[in-house]
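Observations on the three-dimensional arrangement
What follows is each chain in one-letter form.
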Amino acid sequence: MLELLKDNVTIIIIIDALDECSDREETKLLENLTMVQAWNLKCMVKILCTSRPKPDIEAILATTPKISMSAAQVSEDIRMYVEAKVQDYARLKRFSDQIVEPVVRMSAGMFRYATLMLEDLSKPSKLKLHDRLATLPSGIYELYELILAKLPEDSLDFRQSLFRWLVLSHRELKLSELGILYATEGMVEFDIEDVMLTETADEVLEACGSLIEVDESQRVRFSHLSVKEFLLLDPSKKIKSKDEAVLSCLVNRRKAELVACTTICTFSSSSSCNFAQM
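Counting restarts for each chain: residues are numbered from 1 in the order of the written sequence. Totals for whole chains, interfaces and linings use every residue, but because this is a predicted model, local features are given only for residues with pLDDT of at least 70 and side-chain atom pairs only at 80 or more, for both listing and counting. To obtain the side-chain values, all non-hydrogen atoms of the structure were used and water was disregarded.

Examining the environment of Leu 211
Position of Leu 211 among the secondary structure elements: in the loop between helix H10 (201–208) and strand S4 (212–214). In sequence terms Leu 211 and Ser 223 are twelve residues apart; their C-alpha atoms lie 5.4 Å from each other. Excluding its chain neighbours within four sequence positions, the residues that come into contact with Leu 211 are Tyr 144, Ile 147, Leu 148, Phe 163, Arg 221, Phe 222, Ser 223 and Val 227. In DSSP terms, a helix is any run of H or I states spanning at least four residues, a strand is any run of E spanning at least two, and both are numbered starting from the N terminus. The criterion used for residue contact is that any of the two residues' heavy atoms lie within 4.5 Å.

Brief notes about the packing of aromatic side chains
When two rings of Phe, Tyr or Trp (its six-membered ring) have centres within 6.5 Å they constitute a pair, described as stacked for plane angles under 30 degrees, edge-to-face for angles over 60, and tilted for the intermediate range. This model, assessed by the stated rule, comprises five aromatic pairs. A centroid spacing of 5.7 Å and a plane angle of 75 degrees characterise the contact between Tyr 81 and Phe 111, whose relative ring orientation is edge-to-face. Highlighted residues: Tyr 81 in helix H3 (residues 71–85) and Phe 111 in helix H5 (residues 111–121), separated in sequence by 30 residues. Only protein chains enter the accessibility calculation, which uses a 1.4 Å probe. A residue is then buried if its area is under 20% of the maximum for its type, exposed if over 50%, and partly exposed in between. Overall, the relative accessible area of 34% leaves Phe 111 in the partly exposed class.

Brief notes about the side chain of Asp 120
In this fold, Asp 120 is placed in helix H5. For Asp 120, the residues in contact, after removing those within four places along its chain, are Arg 132, Leu 146 and Lys 150.

Some remarks on the pattern of salt bridges
Any carboxyl oxygen of Asp or Glu that lies within 4 Å of a side-chain nitrogen of Lys or Arg is treated as forming a salt bridge with it. Going through the model one piece at a time under the given rule, you end up with 13 salt bridges. Salt-bridge contacts for Arg 221 lead to Asp 215; the nearest nitrogen and oxygen are separated by 2.8 Å. Judged by relative accessible area, which is 22%, Arg 221 ranks as partly exposed. Among the residues examined, Asp 215 registers a relative accessible area of 21% and is labelled partly exposed. One continuous salt-bridge network, built from bridges that share partners, spans Asp 19, Arg 52, Lys 54 and Glu 229.

Some details on the sheet that holds strand S3 (residues 173–174)
Here the rule is simple: two strands pair whenever DSSP picks up at least two bridges between them. Pairing within the open sheet is antiparallel, and its three strands lie in the order S3-S5-S4. Bordering the open sheet on either side are S3 and S4, each of which pairs with just one other strand. As judged from the three bridges shared by S4 and strand S5 (residues 219–222), these two strands associate in the antiparallel manner. By the bridge assignment for S5, Glu 213 is matched with Arg 221. Convention adopted: a line fitted to C-alpha atoms gives each axis, helices being fitted over their contacting stretch, and angles between N-to-C directions are expressed from 0 to 180 degrees. Running at roughly 85 degrees to S5, helix H8 (residues 156–168) makes contact with S3, S4 and S5 of the sheet.

A few points about H10
Those residues of H10 lying buried are Ala 201, Val 204, Ala 207 and Cys 208. The arc that holds every buried residue of H10, seen down its axis, measures 135 degrees, which confines them to one face. Set apart from the buried face of H10 by more than 90 degrees, the exposed residues are Asp 202 and Glu 206. Contact partners of the buried residues in H10: H8, helix H9 (175–184), S4 and S5. Just past H10, the residue Gly 209 takes up positive phi, approximately 60 degrees. The arc refers to the directions leading from the helix axis to the C-beta atoms.

Side note on the layout of surface pockets
A 1.4 Å probe that fits into a set of points on a 1 Å grid over the protein atoms alone but cannot get out defines a cavity; an open set with protein on both sides within 12 Å along at least five of seven lines defines a pocket, and lining residues are those with an atom within 4 Å of a point. Grid points are joined across faces, edges and corners, and a volume is the space filled by probe spheres set on the points. Its boundaries defined by the atoms lining it, the largest pocket holds a volume of some 1800 Å³. Considering the residues around the largest pocket, the lining is formed by 42 residues, among which Cys 49, Thr 50, Ser 51, Arg 52 and Ile 67 are closest to the centre. Secondary-structure elements contributing two or more residues to the lining of the largest pocket are helix H1 (29–35), strand S2 (44–49), helix H2 (55–60), H3 and H5. Ranked by residue count, the leading element in the lining of the largest pocket is S2, at five residues. Throughout this entry, Asp, Glu, Lys and Arg are counted as charged residues, while Ala, Val, Leu, Ile, Met, Phe, Trp, Tyr, Cys and Pro are counted as nonpolar. The remaining residues, Gly among them, count as polar. Taken together, the residues that form the lining of the largest pocket break down as 20 nonpolar, twelve polar and ten charged. In this structure, the second largest pocket encloses a volume near 790 Å³. Lining of the second largest pocket is provided by 27 residues; of these, Glu 20, Ser 22, Ser 169, Leu 225 and Lys 228 occupy positions nearest its centre.

Written out as structure tokens, the structure is:
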């Protein structure tokens with residue numbers, strides 16, 4: 001397509017969150033980006049990528065110009081975002097002067113933290129706002145701990161299952177697929193007509209809160225790559241919370257793979273369902 005473009009045309013390609021592209025190795029994305037300058041094109045092509053520091057990205061793009069941004073440099077943008085966003089919450093508007101500074105300070109350069117923290121502060125609470133602001137989570141992982149601790153206890157088993165499958169999956173899973181996987185975990189055999197399946201996005205969002213999102217085509221994904229990274233943390237080293245409801249949601253990859261293998265074997269031996277149906 002680029003070869004068909006006319007002379008004196010400048011094409012700008014922007015790739016945001018390159019580090020969140022999980023298949024960048026399989027697709028040779030990084031290698032292809034570095035090859036663009038060697039193409040015999042009639043037009044000017046400029047490529048801008050944004051990414052968190054990752055060894056494979058830094059190694060392949062080592063000779064390309066870079067601009068590094070610290071948390072301090074981003075904080076002013078986050079401040080403007082928080083000042084504007086707080087006006088969207090009826091409960092928070094009148095407390096804007098109290099909220100902006102602590103949220104910006106604790107965000108440590110992450111817009112994601114600011115977004116979720118405002119969402120959490122907007123919810124009803126018996127605690128005074130001053131006390132809540134004085135004990136804001138330190139960093140995005142502690143914020144995820146706070147979110148997990150507040151999720152419904154009766155959906156814990158469902159939540160654990162969703163996290164397991166989303167961590168292991170190499171593609172986005174549909175709501176119907178996750179429903180079948182959850183309903184059949186640990187079963188030796190099953191009939192799909194006899195199990196209660198998850199049917200609505202609301203059930204997933206109620207169980208997992210803002211850690212999960214469901215798009216219009218009913219595909220379920222983590223709301224941010226940092227959620228997956230958090231769930232794979234070693235609880236003995238990185239997790240502050242001692243709440244079992246939080247710790248039990250962390251994913252031990254080996255144990256999750258064992259559950260997955262057992263479930264897949266059940267699918268393979270069952271005549272009532274197969275992966276093609278999902």
